[in-house]
Amino acid sequence: MLDLLSGFVTELRRSGLPVSLTEHLDAAEAVKHIPLEDREALKYALAATLVKSSAHWRAFETAFEVFFAVRTGSAGAGDAGEDGGEEGAESDGEQAGQGGMQGQGRSWKGGGSGEGMTPEELAELLFKSLLSADAALMNAVARNAVDRYAGMEPGRPVGGTYYLYRTLRNLDLDAVLEKLMGQAQAGAAGGALTELEERLAADEFKARIEKFRRAVETEIRRRLVEDRGAEALARSVRKPLPEDIDVMHATREELALLHRTLQPLSRKLAVRLARKRRHGRKGPLDFRATMRRSLSTGGVPIEPRFRHPRPAKPEIFVIADISGSVASFARFTLHLVYAISSQFSKVRSFVFVDGIDEVTRFFEGVVDPAEAVARINLEADVIWVDGHSDYGHALSEFHRRWGDQVNSRSSVMVLGDARNNYHASGSWVLEDLQARARHVYWLNPEPRDYWGSGDSIVGEYAAHCDDVVECRTLRQLEHFVGNLA
Amino acid sequence: MSEGNAALGLPESGPPRFESLDAVRGGLARVGYLADDSISGVVFLADRLAKPVLVEGPAGTGKTQLAKSVADLTGARLIRLQCYEGLDESKALYEWNYRKQLLRIQAGEHGKAEEEGPSWSELEEDIFSEDFLLTRPLLEAIRATEPVVLLVDEVDRVELETEALLLEILSEYQVSIPELGTVRATQLPMVFLTSNNTRELSEALKRRCLYLHVDYPDLDREREIVRAKVPGISEELADQVARIVRSLRTLELRKAPSVSETLDWARTLVLLGVETIDAAGAKETLHILLKYQADIERATKELLSASSN
């Protein structure tokens, strides 16, 4: 057990979780006190001692599934879920029972296992299990579906995403959802559901389908662990912490996750900045206040008073490239900047592809920056000729229309990868802006190694920027914006 | 466990408060707190490992209530330290009763006129004794002889530097007072810290605690909570309430409805004599669940649009 735990802790550290030695010891101590056959209890015990931030939960859960699945699987006994699955399945008729048995058989070949059950029957069973929210039957169906559709090949160093995709594609869950909704409609008391009821039913079924999807995922992962061992698999499925996800290459799911992380992140940042402003260093001696104070001590200035420094809030110009390759990065940055806009005297934002448009108006009077960011994609007028990034034209347009509004209180942030499709660079604009503005920053979402390769001309712009910052992850972005205010 | 404590110089932890995981869960349910696996598991471990629990999660998910319920369950006194910006040692730990000390000195001087008063060293020893010590929540929890539960509420509100005050008490269950020496706990209090996550707590603090993230409950648990906390609610209505709230939480709202708001809503519905919720009824009472106009509008649009057209 201790060996397993050490391996697990090592894996957590590799995923980027800061697990200290004391925490490791605590975990070892905690494990002594809980019944080992209770897998859920083990999970929470480890989580309580090893994971100290809710953002790290996902990485922890992934590692846990991998490391502690193999024990429950090969030991056979003690896996409550599996046992329950069999019992439930048996009570639910012969077919499901068979499905459960085959799951136990753990056959790798798709062909041999599903016999006696046609795809239609399997779909019917899935439908039934979802309709009745029968977890045991769901697990049995998941096992059977993986047998039949995943087509897993032993020994391949993969994380199982493709197997999951293949299984779910064959089951066609969208159609199942529709069918479930149809069933709900037909079963309604008054003939039809009201819209509220319909919505509630839909949410309920979606939650059940999500549960089923997770059952399939667990099943696939369990088999992969058996095939290749926990440590090898852990390497393939390791998930980065939300702060460390590369924004430019994030999957859909990861983007959603980033989106959820962004809100608490920006709130924390705002609190921190507000505190920093209030508790800043002491300013110069306030002579008048000191003299006034000294009257109470007979004119002896015992207690000197200091002026509170009130650093001017900067005015921010955000100029963001929203062409396909860097769009999500621009969205996150705009979102973050507006979420803490109280820390700036004014934020003005401009987006471009090859044309440029001011989008400040979208953010005015909007409570949730995400809403405004969504509108930008639909309404901003950023196409000039062909919809490929042209930094030179966009920048010179910016200079022509708004350049004279940049002054010594302004900080200019340009967001983009500086991949200019071999157009003219227009770097004279930045040179001019640098002369006018307090600071000019360039935020590049590409890894530093790629800068200057191909059609990237970030080096040419860098000459006229106060700093060029690599901003691939939320962590880097937060760091930069935090220093800005 | 207790031998280990003795070796480490920690106070005896005494017999464990809870027999098993199930005992925790059952006990909490008895005092009206419906815990899920993770909550009861962490409370159980906190007792066995004698470690504080750091509870984090969105507002209104029962973080503070958890500490109160545990106090209820174990029959312990609840000592609460509400944190705020600017909290310092004299408010959290202890303070010398300055006025009383002054009086003592003056009394000594008066006595001097007739006979020889106490010498300075005697006096000093005297005024820095326990009689002149004002205990604040943290010290009180340590010195209590009866079982106590210490609740440090909203610990994320204090500054990073002030957090350090807590470290000694959290890991060693002791407080060092320069004039008196170290005060050790006679019994180990159960400690709960809550945080709304407005800032990152320091590593040092986190390391000393068990971490518990309390999120919004799932459908079944929320329904049970509603049924347990709202007397006179029908099963059907409780189910509907829980389901609507779950759907609301999937929307992107500024402030998702919390458990306490769900309960308020359910109580209102019961008071109004509502049997089943229809769109119009929900719309009229939605302001109890949602506190921003923009949220209400969005929820109406997404969920309840049937009644408007």
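Residue numbers restart at each chain and count upward from 1, following the sequence in its written direction. Think of it this way: whatever chain is written first is A, whatever ligand is written first is 1, and the rest follow in order. The predicted origin of the model limits local features to residues at a pLDDT of at least 70 and limits the giving and counting of side-chain atom pairs to 80 or more, whereas totals for whole chains, interfaces and linings rest on all residues.

Asker: Quick question: what am I supposed to make of helix α13 (residues 259–271) of chain B here?
Answerer: One full turn of an α-helix is made of 3.6 residues, so residues set three or four places apart face in the same direction. All names here are of chain B. The end-to-end C-alpha separation of α13 is 18 Å, in line with the 18 Å expected for 13 residues at 1.5 Å each. Three classes are used. A residue is buried when 20 or more other C-beta atoms lie within 10 Å of its own, exposed when 12 or fewer do, and partly exposed in between, with C-beta atoms placed from the backbone. What counts as a helix is a DSSP run of H or I of at least four residues, what counts as a strand is a run of E of at least two, and both are numbered from the N terminus. Listed as buried for α13 are V259, T262, L263, W265, A266 and L269. Projection of α13 onto a plane perpendicular to its axis shows the buried side chains occupying an angular sector of 160 degrees, all on one side. Following α13 by one or two positions, G273 adopts a phi angle in the positive range, close to 70 degrees. In a helix, the anticipated span is given by 1.5 Å times the number of residues less one. What the arc covers is the set of directions going from the helix axis to the C-beta atoms.

Asker: Quick question: what am I supposed to make of the pairing of strand β5 (residues 439–444) of chain A here?
Answerer: Remark: a regular strand shows side chains that alternate across the two faces of the sheet. Residues and elements named next belong to chain A. When DSSP finds two or more bridges between a pair of strands, those strands are recorded as paired. For strand β4 (residues 410–415) and β5, the ladder comprises five bridges, and the chain directions are parallel. By the bridge assignment for β5, L415 is matched with L443. Looking down the strands as they point away from you, a crossover is right-handed if its path from the first strand over the helix to the second goes clockwise. A crossover connection joins β4 to the parallel β5 through helix α20 (residues 427–436); in handedness this β-α-β unit is right-handed. The pairing of β5 with strand β6 (residues 467–470) spans four bridges and is classified as parallel.

Asker: I tried to follow the packing of helix α2 (residues 21–30) of chain B against helix α3 (residues 37–49) of chain B on my own but got confused; where do I start?
Answerer: For any two helices packed against each other, the geometry is given by the interaxial angle and the distance between the axes. All names here are of chain B. For the pair α2 and α3, the least separation of the axes is 9 Å and the interaxial angle reads 115 degrees. Note on packing geometry: the crossing formed by α2 with α3 is right-handed. Counted together, L21, V24, R25 and L28 of α2 and S40, G41, V43 and F44 of α3 form the full contact between these two elements. Its residues assigned to classes, the contact of α2 with α3 shows five nonpolar, two polar and one charged. All axes here are fitted lines through C-alpha atoms, helices being fitted over the stretch that makes contact, and every angle between N-to-C directions spans 0 to 180 degrees. Each helix crossing is assigned a hand: it is left-handed if the near helix lies turned anticlockwise from the far helix by less than a right angle, otherwise right-handed if that turn is clockwise. Working definition of a contact: two residues with C-beta atoms, positioned from the backbone, lying within 7 Å. In this classification, Asp, Glu, Lys and Arg are treated as charged, Ala, Val, Leu, Ile, Met, Phe, Trp, Tyr, Cys and Pro as nonpolar, and every other residue, Gly included, as polar.

Asker: Looking at this structure, how should I read the nonpolar core?
Answerer: Linking buried Ala, Val, Leu, Ile, Met, Phe, Trp, Tyr and Cys residues through C-beta atoms within 7 Å yields a set, and such a set is a nonpolar core. Counting residues in each nonpolar core, the largest one holds 133 residues, and the members touching the most others are V42(B), V53(B), F192(B), L210(B) and L212(B). Sort the elements by how many residues they give to this core and helix α12 (residues 195–228) of chain A lands first, with 10 residues. Leaving out residues up to four positions away in the same chain, V42(B) has contacts with Y44(A), A48(A), V53(B), L210(B) and L212(B). Residues V318(A), A320(A), L433(A) and W442(A) belong to the second largest nonpolar core, which totals 62 residues.

Asker: I keep staring at the pairing of strand β1 (residues 315–321) of chain A and nothing clicks. Help me out?
Answerer: Residues and elements named next belong to chain A. With seven of seven residues buried, β1 lies mostly within the body of the structure. Burial along β1 is two-sided: E315, F317, I319 and D321 facing one way and I316, V318 and A320 facing the other are all buried. Looking at chain direction, β1 and strand β2 (residues 346–352) are connected through seven bridges and run parallel. Pairing of I316 across the sheet is with V347, part of β2. On the question of chirality, the crossover connecting β1 to the parallel β2 by way of helix α16 (residues 327–339) is right-handed.

Asker: Sorry, what's going on with the interface of chain A and chain B here?
Answerer: The figure often quoted for interface size is the accessible area lost as the parts come together. Facing the 33 residues of chain A at the interface are 34 residues of chain B. For the side of chain A that touches chain B, the secondary structure elements donating two or more residues are α2 (21–33), α3 (39–50), α12 and α14 (252–278) of chain A. Partitioned by chemical class, the residues of the side of chain A that touches chain B number 14 nonpolar, six polar and 13 charged.

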